[in-house]
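Chain and residue survey
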Amino acid sequence: MKTYDFRSDTTTRPTERMRQAMANAEVGDDVYGEDPTVILLERKAAEMVGKDAGLFVTSGTMGNLVAVLAHCARGEEAIMGTQGHTFLHEASGISVLGGVAMHTVPNQPDGTIALADLEGALRNPRDYHQPISRLVILENTQNDCGGVPISLEYTKSVEAFARQHGLFLHLDGARLFNAAVALGLPASELASPVDSVTFCLSKGLCAPVGSVLCGNQDFIRKARRLRKLLGGGMRQAGVIAAAGIVGLEEMVERLAEDHQLAARLARGLSEIEQVHLSKNSPQTNMVFFKIDSSVKLSTKEFLQAMRQEGVLLMDSGPGEYRMVTHHDVDEQAVDVSLSAFRKVLSRKC
Ligand code: TLP
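1. Here we look at the packing of helix α1 (residues 16-24) against helix α11 (residues 238-250)
In the contact formed by α1 and α11, the axes pass within 8 Å of each other and the chain directions differ by 140°. As the angle between them shows, α1 and α11 are arranged oblique. When the axes of α1 and α11 are compared, the crossing they make is right-handed. Contacts from R17, M18, A21 and M22 in α1 reach V239, I240, A242, A243, V246, G247 and E250 in α11. Across the contact of α1 with α11, the residue classes break down as eight nonpolar, one polar and two charged.

Take a look at the structure:
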């Protein structure tokens, strides 16, 4: 039976054009700065997000880690949302490896962090009992709040706050291009207020591996050293960078199709009695929902029953589930999964 994987857009496989580009990639030793394909990817990525320079890193997690370590010294503090990926899903790397404290403040349902909460998180730099506030981290799209695209106006307001208080501003833009497509703005504009931004090639853009961290030349020089320190210096990395270039050239515009497919999925789910859409789904390529408490299936049983019908999805917190649309699922996959929902939910009610 064919399986449709809605767990994440990280499950996308490289396209045929990517595989060809990888096979033919011109390579060199990137630790010596001699891989022309990596150099091209970094240049292209930086240009697309409006920064001076880029650094190819293994993953979004490494991009955020390197960025935070480049901005903050040990004992300093990064302010971020309680729903932020860096706080929830990155094994506390910035604290474990960088000695950087995480100061969390609530995300609002629309994915933003209230300016008053940022203000309240500020430390007194003259009080030596306190850590030093150094950085604010935003996320766009905000994954755990519903894949929410965050507006340019809001990001600018946080920039003004950060400048006023001498803080750096980093953007986890793992899905920045989804936000750009949803808001109808270039990614470079959305990232213009921030000092550094990382985005993933390996999600909706379909490349098999990698993210790019972008910022000014000095920041990227520092980041390059930190990437090496973390064991992320790659050699003939042009083989994978080549797929990233295809992702940037060919896969950005089509993210709109993923958003339309998520809308179709959400419409279908909303017609199923036992399914309740949550987090204002869908806002981009993610659909969050809860299953009615009348359904006597544990999370594990429900996921297992759906898997038996050929549909993979993920739980995203107590009683809540997430489905993500991407290049490797289509209208037929949505229709099959809606039938699977009907079958599984009616069976066990
Ligand atoms: N997110 C994954 C899981 O880790 C939850 C997913 O399936 O959504 N920032 C954001 C906003 C992300 O959503 C992710 C991945 C990352 C960073 C990390 O990227 P990778 O997986 O490349 O380290």
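2. Considerations on the domain arrangement of the protein
In many analyses, interface size is given as the accessible surface area lost on bringing the parts together. Once the domains are mapped, the protein shows domain 1 (14-250) and domain 2 (254-346). The distance between the C-alpha centroids of domain 1 and domain 2 comes to 29 Å. Taken together, the contact between domain 1 and domain 2 spans 18 residues of the former and twelve residues of the latter. Counting the surface lost from both domain 1 and domain 2, the interface buries some 1300 Å², and carbon and sulfur atoms represent 58% of this. It is G146, N178 and V181 in domain 1 that bury the most area against domain 2; as a group they hold 31% of the surface buried on that side. Here domain 1 and domain 2 share four residue pairs in polar contact (both at pLDDT 80 or more) between them. Counting residues per element, the side of domain 1 that touches domain 2 draws most heavily on helix α8 (residues 176-183), at four residues. Grouping the constituent residues of the side of domain 1 that touches domain 2 by class yields eight nonpolar, seven polar and three charged.

3. A look at the sheet that holds strand β9 (residues 275-278)
The sheet built from four strands is open, its strands ordered β9-β10-β13-β12 with antiparallel pairing. A single partner strand is all that each edge strand has here, and the edge strands are β9 and β12 (314-315). Two elements, β12 and strand β13 (residues 320-324), share two bridges in a ladder whose sense is antiparallel. Considered in β13, the bridge of D315 is made with Y321. Packed on one face of the sheet, helix α12 (residues 255-270) meets β9, β10 (286-291) and β13 and runs near 15° to β10.

4. Focus: α12
Taking 1.5 Å per residue as the helical rise, α12 with its 16 residues ought to reach 22 Å, and the 23 Å between its terminal C-alpha atoms agrees with that figure. Listed in full, the buried residues belonging to α12 are L255, D258, H259, L261, A262, L265, A266, G268 and L269.

5. A look at the nonpolar core
Core analysis: the largest hydrophobic core is formed by 54 residues, its most contacted members being V49, F56, L176, F177, F199 and L201. Top contributing element to this core by residue count: α11, with seven residues. Excluding residues within four positions of it along the chain, L201 makes contact with L41, F56, C206, A207, G210, S211, V212, G244 and L248. One finds L265, I291, L313 and A333 within the second-largest nonpolar core, a separate group that totals 29 residues.

Definitions and cut-offs
- Residues numbered from 1 in each chain as written.
- Predicted model: local features only at pLDDT ≥ 70, side-chain atom pairs only at ≥ 80, totals over all residues.
- Heavy atoms only, no water.
- Axes fitted to C-alpha atoms, helices over the stretch in contact; angles between N-to-C directions.
- Helix = DSSP H or I, 4+ residues; strand = E, 2+ residues; numbered from the N terminus.
- Parallel < 35°, antiparallel > 145°, perpendicular 65-115°, else oblique.
- Left-handed = near helix turned anticlockwise from the far one by under 90°.
- Contact = heavy atoms within 4.5 Å.
- Nonpolar A, V, L, I, M, F, W, Y, C, P; charged D, E, K, R; others polar.
- Domains from an automatic or database assignment.
- Buried area = accessible area lost by both parts, 1.4 Å probe.
- Polar contact = N/O pair within 3.5 Å; in protein donor to acceptor, adjacent residues only side chain to side chain.
- Pairing = 2+ DSSP bridges.
- Expected span 1.5 Å × (residues − 1).
- Buried < 20%, exposed > 50% of the residue type's maximum accessible area, 1.4 Å probe, protein only.
- Core = buried A, V, L, I, M, F, W, Y, C linked by side-chain atoms within 4.5 Å.

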